[in-house]
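In case you want the letters, here they are:
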There are 2 protein chains.
Amino acid sequence: MQLSALLHPRSIAIIGASTQEGSVGWTLAKNVIEEFPGKSYPINPKATELFGIPCFPSVLSVEGEIDLALIAVPAALVSGVLKECGEKHIPAAVIISAGFKETGEAGKALENELLRIAEEHAITLLGPNCLGFLAPHEHLNASFAKSLPSAGPIAFFSQSGALLTALLDMSSDALGYRACISTGNKAQIKENDLIKFFAQDEETRVISFYSEDLSDAKGIIETGRSLLKRASPKPVIALKSGKTAAGTTASSSHTGALAGSDAAYEALFKQAGIIRVDGLLELTETLEVFSKNPLPAGKRVALLTNAGGLGVMATDACVEQGLELAHLTSETIETLHSFLPAAANSQNPVDVLGDAKADRYERALTTLLSDENVDMLVVIITPQAMTEALKTAEAIMSARDRFPQKPIVVSLSGGEALAEARNFLAHHSIAVLRSPESSARTCGLLSAVARLREDTGTTSFDFTDIDVEKARDILNRSRANGHLQLFEADCIEFLSVYGFRFFSSQAVASREDALAAARKINKTVALKIISPDIVHKSDAGGVSLDVDPDQADFAYDALMSTVAERAPNARLEGALVVEMAHPGGRELILGLKQEPGLGTLIMIGLGGIFVEVFKDASFRFAESLTREDAQMMLRELKSSPLIEGARGQAGLDQVTLIDALGRLARIAQDFPEIVELDINPLLAFQHGADFRTLDARIRIEA
Amino acid sequence: MQLSALLHPRSIAIIGASTQEGSVGWTLAKNVIEEFPGKSYPINPKATELFGIPCFPSVLSVEGEIDLALIAVPAALVSGVLKECGEKHIPAAVIISAGFKETGEAGKALENELLRIAEEHAITLLGPNCLGFLAPHEHLNASFAKSLPSAGPIAFFSQSGALLTALLDMSSDALGYRACISTGNKAQIKENDLIKFFAQDEETRVISFYSEDLSDAKGIIETGRSLLKRASPKPVIALKSGKTAAGTTASSSHTGALAGSDAAYEALFKQAGIIRVDGLLELTETLEVFSKNPLPAGKRVALLTNAGGLGVMATDACVEQGLELAHLTSETIETLHSFLPAAANSQNPVDVLGDAKADRYERALTTLLSDENVDMLVVIITPQAMTEALKTAEAIMSARDRFPQKPIVVSLSGGEALAEARNFLAHHSIAVLRSPESSARTCGLLSAVARLREDTGTTSFDFTDIDVEKARDILNRSRANGHLQLFEADCIEFLSVYGFRFFSSQAVASREDALAAARKINKTVALKIISPDIVHKSDAGGVSLDVDPDQADFAYDALMSTVAERAPNARLEGALVVEMAHPGGRELILGLKQEPGLGTLIMIGLGGIFVEVFKDASFRFAESLTREDAQMMLRELKSSPLIEGARGQAGLDQVTLIDALGRLARIAQDFPEIVELDINPLLAFQHGADFRTLDARIRIEA
């Protein structure tokens, strides 16, 4: 992929450049020709000239080299035109035309044809069905959007052209971009390609995107982590819609039912260290704060206000965001005390009072930013009678210049009276928001990067005790017999290969063998029916509990006759004799589920009401699971106090739980043909060695 | 209280009117004199004239009647001036001067003196330490805020002057006010007085306030409920800071520990049917939407957008707010289908596509508003190349005029390109917000009023089986004996009077009596030590469980010697012989706690991890508790599925639980001297008759 040819071209062909004012082809040609300093070649067989430069009938009739083709012709003509681009050795193309995958099967076939042509000719392809892109530093508006935004450090890409247009209009002068890219149908160039490209681009300081669907969780996680783990991390901010939509497919498994459509994306963003925002307005606020500030060293925030009430509200919001109100040093407090009026508050949140002029703000700013306990600063200005908003803004600018390593967010709670100050700050690259709450929220996100860095580890699992071939045989045998839902005995055998321990058990097919097996176990046992036709054993009377080993033969007979009566048509193949669980311990549910196009999700939750009533479960992608991910899965459960130990009760052995998650992830990686897997329950105790799997279901694809 | 004289005066004295430009007294006089059409009397013994009208040395030297005195003189002079107002029979005064309660004890005494004078002379008193008030309809700026806001239907009052100023500046032309009042120290006029006043004012359609502390929960709840229950309810919107601040006093009780400082306010607002917002920006958005729309008939929202992605985000936000996406009638869908392009979405959220001009919006608007399944409408406009924002705004205005009964919120996601449309809508009283998310949030609040109306009931509890005098005797006896923490036997006796059932029990002081008591109970019993010196009985070995009735004498001896050994200095007065709980049932915790100035909070939660680990408890004020409140207390618990029945298990008898909460509230009303009361646990079963109180602690004030 040659994204550099696409985004930094020296010459551009506009194929479908139109003489019809207001049309897409006309706007596109106008946008490129009027501003782009490189060579422009409008391509239109019916025109001779456009915006003062000559038109060409096709790219093949252009003599010079062409780096980039912008294509805005009817869908049916695109593949022909793209072939010509290939012949002309144009390395990159943007297909703006619509009428492809988004229109149905025929359009999808047409789009696949485009991709084939692009690959054949090594053309890097953006779109189709997109708005184009804008690269302010290159003075290039390769889109039909109205105008170029300011140049700046933000690289933004959007699956929705409309959202991109809205963002550009909302950005006004406050947000500056390295590039704005409409990704459209993403036939070839996808989000991860762009993230990787801008990761290498030194001018880009913030990467952000809007998506409706993503693919290749593993790739995105890899890229995201490498960005996060760099000496100076480059934050990635994502807006993803469709949070509450119902899952795409109904599912019979617990894991499937719990993983709503959004669980996969939540897991993806967490694992990749990508910051997720909730809406377009929050996106602009977050971009504003991230593009104008360094990342803070920690999460300790100082608040400076001329309105006590707003200081308290900002405190609330900071605490809710997981920030800490900085404990000011006694030196700071003394200094503040020395020049603030008696009624002012020298503690954090620092209230300089409603009559504070710029000088009082200025001294407080310097004092707070000098404090080693302060990682970042929120300055709240309300328009009181004495307020000198513009002069205060100037003071903030000097303070920022003196303390460039500490983020500053200014909350201007007012309208007209603060407009001048707002403009001044915007033009001096200082983040200004409209409320203390959003200031606190974005500061929370700033400090989240540090937390993500800390939480995101790369310690991989390494299991040497797994016989993958043996596991493969079990699945193959089951599939060969037409059993896509594995028998219990096969589940046990399969999971045992991966180190999941079960209570001792043996499959038997006669009363004599049942007795022998039970005596061998030599503890109280349970008997469970084996039948290819019975999924829910208890309902069919197929489970017998608390059986004395010496009575196992009688119990076997009773079990067989009960099931035969309740399920007369079921084929009965014998019974499983299982050691009974000793009392105590806590039930957990583990599982995995395929997310088509993305990867395989693994899940853990506490059994019983926690998962079933409170839907308390956590998810991660198996393909990229690290030990730290597994640790976070446990920690983010609402019921985690029960895992960690609460109310004087000892917790569970977490090392073994983390190990179990690693093994589950390994299963997912070794066998993508496993569509669903539920381990329910896993019985966990304080000591890892006692962990036992009680029941499991595995379904493989045909 | 004569709030009408205060807010609609015909003549005003400005006491402390100053000739010093820029001072508070100067600004105040200027603000009144330049705009107020009634009579103005600046009072200043050292000046003869101000802003072209004569000054008076004191109100006593004014000949005409004065309705209102604005006082802005140094704190020490205020009481003298106020007395003169009394002599002059001025019915209302605003004390703008600071230097009272907010400065400490001396100031508080001074403020009490003001209140005494006001009461003696029947002066209605706003402040002290406030900004004054603004009444746009009266052309009266009785404050030192810069200028009058637009006139409109919002009555707003604020404990913080700075917040009021900020709100006024943020309001620009978009928000119109009936009155803006700075309440200051609230020596006399409090929030509830103002709510009641504006409840009666026909021009006021929305009441809103900012508070840092409130008093008299019962009064506020009464007012709020009556507003909510009117044929056409008048919404009350509150902003209250200090949500996450630590509770004011450490507490040894469960109820106390769980009731953070904010639990009381959450309960208050819920019980009063007051809508709570989270910050200043959310307040302005909510005021915008409430002041420009009727209340919707239901919670079914239609979304209309020219950007699919924002439609999906708005859908997410609506669902998160508890709104329903309206199921459009087939007629609506057909009509939409008839004029929308093929690629458009005729289902809700309706996507008219990026190239929609005003006419397409117009037809879609009318179609959606005609649909009987649509209660309210969110219109999203993004600035695309073809978008006719202003013409679309005009179409929205006509649609609003045709369908005035359905709320419309317009989300303009853009900047400059939509500015004209924004102004047009603001000037035609149509609510415009900046994002789909905030549009959804405010629509959620609009529909919350309907839900609050439904949930808020007035069915009172009426108990005829309570012998209050007997209960009083128990408390008096305990207090007389110096036991502010009641003995267990007294707790049992007291709670029994209020209908809480215990397992059979008897206090005994010898082994023989223990045996006799156990035989009388004739079931397995427990023995618990009785000692004024032991609070935590189990720790001292003072509880013996599972005692066979025939062994009770031996158990008594063993108990006594164990405790004597472990707590050698404790006075031992015998033991309580108690019937043992039969197994099963669910433990609940009930409690009450005083909230000084507000009232008494009662609490309920599920015992064990739910209250202790997950802090899952709900609260209401006892003084105003209705059956519907008690029902909501159960419903809003996160663990409510366990009360209602989940996973095939039967739920608990809710009628009896509601009854128990009613009885607890009655205790709180009968005995405000009970500082803390914990019932922990109450053992509840499927059948109400089995409910049993297992343990309780009661503490009374000295």
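Given the structure is predicted, the values throughout are model-derived calculations rather than measurements.

Rules used throughout
- Residues numbered from 1 in each chain as written.
- Chains lettered and ligands numbered in written order.
- Predicted model: local features only at pLDDT ≥ 70, side-chain atom pairs only at ≥ 80, totals over all residues.
- Buried ≥ 20, exposed ≤ 12 C-beta atoms within 10 Å, placed from the backbone.
- Helix = DSSP H or I, 4+ residues; strand = E, 2+ residues; numbered from the N terminus.
- Pairing = 2+ DSSP bridges.
- Domains from an automatic or database assignment.
- Expected span 1.5 Å × (residues − 1).
- Contact = placed C-beta atoms within 7 Å.
- Nonpolar A, V, L, I, M, F, W, Y, C, P; charged D, E, K, R; others polar.
- Core = buried A, V, L, I, M, F, W, Y, C linked by C-beta atoms within 7 Å.
- Axes fitted to C-alpha atoms, helices over the stretch in contact; angles between N-to-C directions.
- Least-squares fit on C-alpha atoms with pLDDT ≥ 70 in both.
- pLDDT = per-residue confidence, 0-100.
- Parallel < 35°, antiparallel > 145°, perpendicular 65-115°, else oblique.
- Left-handed = near helix turned anticlockwise from the far one by under 90°.

### Here we look at the pairing of strand 11 (residues 176-182) of chain B
Residue and element names in this part refer to chain B.
Then, number 1: In terms of residue burial, strand 11 counts as a mostly covered element, since six of its seven residues are buried.
Then, number 2: The pairing of strand 8 (residues 132-135) with strand 11 spans two bridges and is classified as antiparallel. Bridge assignment links leucine 134 to a residue of strand 11, and that residue is cysteine 180.
Then, number 3: In terms of strand pairing, strand 10 (residues 150-158) meets strand 11 through seven bridges, oriented parallel.

### Focus on the domain arrangement of chain A
Then, number 1: Structurally, chain A comprises domain 1 (3-242), domain 2 (299-454), domain 3 (468-579) and domain 4 (586-700).
Then, number 2: With centres defined by C-alpha atoms, the gap from domain 2 of chain A to domain 4 of chain A works out at 43 Å.

### Digging into helix 24 (residues 654-670) of chain A
For an α-helix, the turn length of 3.6 residues means that residues three or four places apart are oriented alike.
Then, number 1: Given a rise of 1.5 Å per residue, 17 residues ought to cover 24 Å, and the 24 Å separating the end C-alpha atoms of helix 24 of chain A matches this to within 8%.
Then, number 2: Among the structural elements, strand 25 (586-595), strand 26 (599-606), helix 22 (627-635) and strand 28 (674-684) of chain A are those in contact with the buried residues of helix 24 of chain A.

### Focus on the interface of chain B and chain A
Then, number 1: Listed per partner, the contact involves 53 residues of chain B and 54 residues of chain A.
Then, number 2: Counted by class, the side of chain B that touches chain A contains 23 nonpolar, 19 polar and eleven charged residues.

### Points about the nonpolar core
Then, number 1: The biggest cluster of nonpolar side chains holds 413 residues, and the ones touching the most others in it are Leu70, Ile71 and Leu268 of chain A together with Leu70, Ile71 and Leu268 of chain B.
Then, number 2: If we skip the residues at most four places from it in the chain, isoleucine 71 of chain B touches Ile15, Gly16, Val78, Val81, Leu82, Ala93, Val94, Ile95, Ile96 and Ser97 of chain B.

### Looking at helix 7 (residues 217-228) of chain A
Then, number 1: For helix 7 of chain A, with twelve residues, the first-to-last C-alpha span of 16 Å sits near the 16 Å given by 1.5 Å per residue.
Then, number 2: Buried within helix 7 of chain A are the following residues: Ala217, Gly219, Ile220, Ile221, Thr223, Gly224, Arg225 and Leu227 of chain A.

### A look at unusual backbone geometry
Then, number 1: The amide bond that connects glycine 127 of chain A to the next residue, proline 128 of chain A, takes the cis arrangement and shows omega of 0°.
Then, number 2: Looking at where proline 128 of chain A falls in the secondary structure, it is placed in the loop between strand 7 (124-126) and strand 8 (132-135).
Then, number 3: Omega for the peptide link from asparagine 348 of chain B to proline 349 of chain B comes to 0°, which places this bond in the cis form.
Then, number 4: A positive phi is found at aspartate 216 of chain A, a non-glycine position, where the angle reads about 60°.

### Considerations on the sheet that holds strand 7 (residues 124-126) of chain B
Residue and element names in this part refer to chain B.
Then, number 1: Taken in spatial order, the five strands of this open sheet run 2-1-5-6-7, and their pairing is parallel. Of all the strands in the sheet, just strand 2 (39-43) and strand 7 have a single pairing partner and so form its edges. Across the sheet, the mean angle from the axis of one strand to that of its neighbour is 15°, orientation sign disregarded.
Then, number 2: As paired strands, strand 6 (residues 92-95) and strand 7 are joined by three bridges and run parallel to one another. In the strand pairing of strand 7, alanine 92 is matched with threonine 124.

### A closer look at the relation of the copies chain B and chain A
Then, number 1: Expressed as a screw transformation, the operator carrying chain B onto chain A has a rotation angle of 180° and an axial translation of 0.0 Å, and the superposed copies differ by an RMSD of 0.1 Å. The superposition of one copy onto the other is thereby described by a two-fold rotation axis. Considering only C-alpha atoms, the part of chain B nearest the rotation axis is phenylalanine 610 of chain B, at 5.6 Å.
Then, number 2: An overlap of 100% is found between the interface residues of chain B and their copies at the interface of chain A, pointing to a shared contact surface.

### Here's the deal with the confidence of the model for chain A
Then, number 1: Per-residue confidence for chain A gives a mean pLDDT of 92, with 96% of residues at or over 70.
Then, number 2: Listed scores for the predicted complex are pTM 0.89 and ipTM 0.87.

### Examining the environment of threonine 335 of chain B
Then, number 1: Mapping threonine 335 of chain B onto the fold places it in helix 12 (residues 330-339).
Then, number 2: C-alpha separation for the pair threonine 335 of chain B and methionine 1 of chain B, spaced 334 residues apart in sequence, amounts to 58 Å.

### Here we look at the packing of helix 17 (residues 468-480) of chain A against helix 18 (residues 488-497) of chain A
Residue and element names in this part refer to chain A.
Then, number 1: Helix 18 packs onto helix 17 with a crossing angle of 160° between their chain directions and a minimal axis gap of 9 Å. Here helix 17 is positioned roughly antiparallel relative to helix 18, judged by the angle of their axes. Like other packed secondary-structure pairs, helix 17 and helix 18 cross with a definite hand, here left-handed. Contact residues: helix 17 offers Lys470, Ala471, Ile474 and Ser478, while helix 18 offers Asp490, Glu493, Phe494 and Val497.
Then, number 2: Considering only residue class, the contact of helix 17 with helix 18 consists of four nonpolar, one polar and three charged.

### Digging into the sheet that holds strand 24 (residues 574-579) of chain B
Residues and elements named next belong to chain B.
Then, number 1: Across the sheet, which stays open at both edges, the four strands sit in the order 21-24-22-23 with antiparallel pairing between neighbours. Across the chains shown, the open sheet's two edge strands, defined by having one partner strand only, are strand 21 (505-508) and strand 23 (543-547). Taking each pair of neighbouring strands and ignoring which way they run, the sheet shows an average axis angle of 20°.
Then, number 2: In this structure, strand 22 (residues 525-530) lies alongside strand 23, joined through three bridges in antiparallel fashion. Counterpart to lysine 528 in the pairing with strand 23 is valine 543.
Then, number 3: Seen against the sheet, helix 19 (residues 511-521) touches strand 21, strand 22, strand 23 and strand 24 and runs at an angle of roughly 10° to strand 24.
Then, number 4: In the packing of helix 20 (residues 552-566) onto the sheet, the strands contacted are strand 22, strand 23 and strand 24, and the crossing angle to strand 22 comes to about 35°.

### What to know about the packing of helix 22 (residues 627-635) of chain B against helix 24 (residues 654-670) of chain B
Residues and elements named next belong to chain B.
Then, number 1: At a minimum axis separation of 9 Å, helix 22 and helix 24 run at an interaxial angle of 115°. As helix 22 runs across helix 24, the sense of the crossing is right-handed. Mapping the contact onto sequence places Arg627, Ala630, Gln631, Met633 and Leu634 in helix 22 and Gln654, Leu657, Ile658, Leu661 and Gly662 in helix 24.
Then, number 2: In the contact of helix 22 with helix 24, the residues fall into six nonpolar, three polar and one charged.

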